[in-house]
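So the chains spell out like this:
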Amino acid sequence: MSDEQPKTSSSKSALWMIYVSLAVAAMVLLGDGLAVSFLEQWTTRIGIALLFTTFFLLVCRNQTRAIIASVIIWLAIIATFLY
């Protein structure tokens, strides 16, 4: 008898952060493009980025994926300031 248990893929369990960061980045970019009033304030955009960055860094077991997810959101925020 072997005590082997099926291995769960750690890549599947941590990819949700990257998907969430892509969805948040898309929301911020679309809100900026469509001129949604509450997303046009720079404090709101910075607050969204800081909120999700701290959430990812606190929840994540894999620091690399948390940093990648945070960078995706920050790039979207910076892109809204540039254009």
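Structure's up top.
Residues numbered from 1 in each chain as written. Predicted model: local features only at pLDDT ≥ 70, side-chain atom pairs only at ≥ 80, totals over all residues. Heavy atoms only, no water.

**Topic: unusual backbone geometry**
- Notably, A35 is not glycine yet its phi reads approximately 60 degrees, a positive angle.
- Looking at the element boundaries, A35 is found in the loop between α1 (10-33) and α2 (42-59). (Helix = DSSP H or I, 4+ residues; strand = E, 2+ residues; numbered from the N terminus.)

**Some details on the side chain of T80**
- Among the structural elements, T80 can be located in helix α3 (residues 63-82).
- Given a relative accessible area of 6%, T80 falls into the buried group.
- Engagement of the side chain of T80 in a polar contact is seen with the side chain of R45, the distance being 2.9 Å.
- Polar side-chain contacts of T80 include one of 2.5 Å to the backbone oxygen of I77.
- Those residues within four positions of T80 in sequence are excluded, and the remaining contacts are V28, L29, D32 and R45. (Buried < 20%, exposed > 50% of the residue type's maximum accessible area, 1.4 Å probe, protein only. Polar contact = N/O pair within 3.5 Å; in protein donor to acceptor, adjacent residues only side chain to side chain. Contact = heavy atoms within 4.5 Å.)

**Looking at a nonpolar patch on the surface**
- On the surface, W16, F55, L58 and V59 cluster together into a nonpolar patch covering about 410 Å² of accessible area.
- Top element by residues in the nonpolar patch is α2. It accounts for three residues.
- Its location among the elements puts V59 in helix α2.
- Classification of V59 by relative accessible area gives partly exposed; the value is 42%. (Patch = residues over 30% accessible without salt bridge, like charges linked within 9 Å, V, L, I, M, F, W, Y side chains within 5 Å. Areas by Shrake-Rupley, 256 points an atom, 1.4 Å probe, with all protein chains shown as cover. Salt bridge = Lys/Arg side-chain N within 4 Å of Asp/Glu carboxyl O.)

**Some details on the nonpolar core**
- One finds M17, V24, V28, L39, I48, A49, F56, C60, A66, A69, I73 and I77 forming the largest nonpolar core, which totals 12 residues.
- Of all the secondary structure elements, the ones that give two or more residues to this core are α1, α2 and α3.
- Excluding its chain neighbours within four sequence positions, the residues that come into contact with V24 are I48, F52 and I73. (Core = buried A, V, L, I, M, F, W, Y, C linked by side-chain atoms within 4.5 Å.)

**Quick notes on the packing of α2 against α3**
- Where α2 meets α3, the axes come as close as 9 Å, and the angle between the chain directions of the two elements is 175 degrees. Accordingly, the angle class assigned to the pair α2 and α3 is roughly antiparallel. Contacts between α2 and α3 pair W42, R45, I46, A49, L50, F52, T53, F56 and L57 from the former with Q63, A66, I67, A69, S70, I73, W74, I77, T80 and F81 from the latter.
- Residues belonging to the contact of α2 with α3 are distributed by class as follows: 14 nonpolar, four polar and one charged. (Axes fitted to C-alpha atoms, helices over the stretch in contact; angles between N-to-C directions. Parallel < 35°, antiparallel > 145°, perpendicular 65-115°, else oblique. Nonpolar A, V, L, I, M, F, W, Y, C, P; charged D, E, K, R; others polar.)

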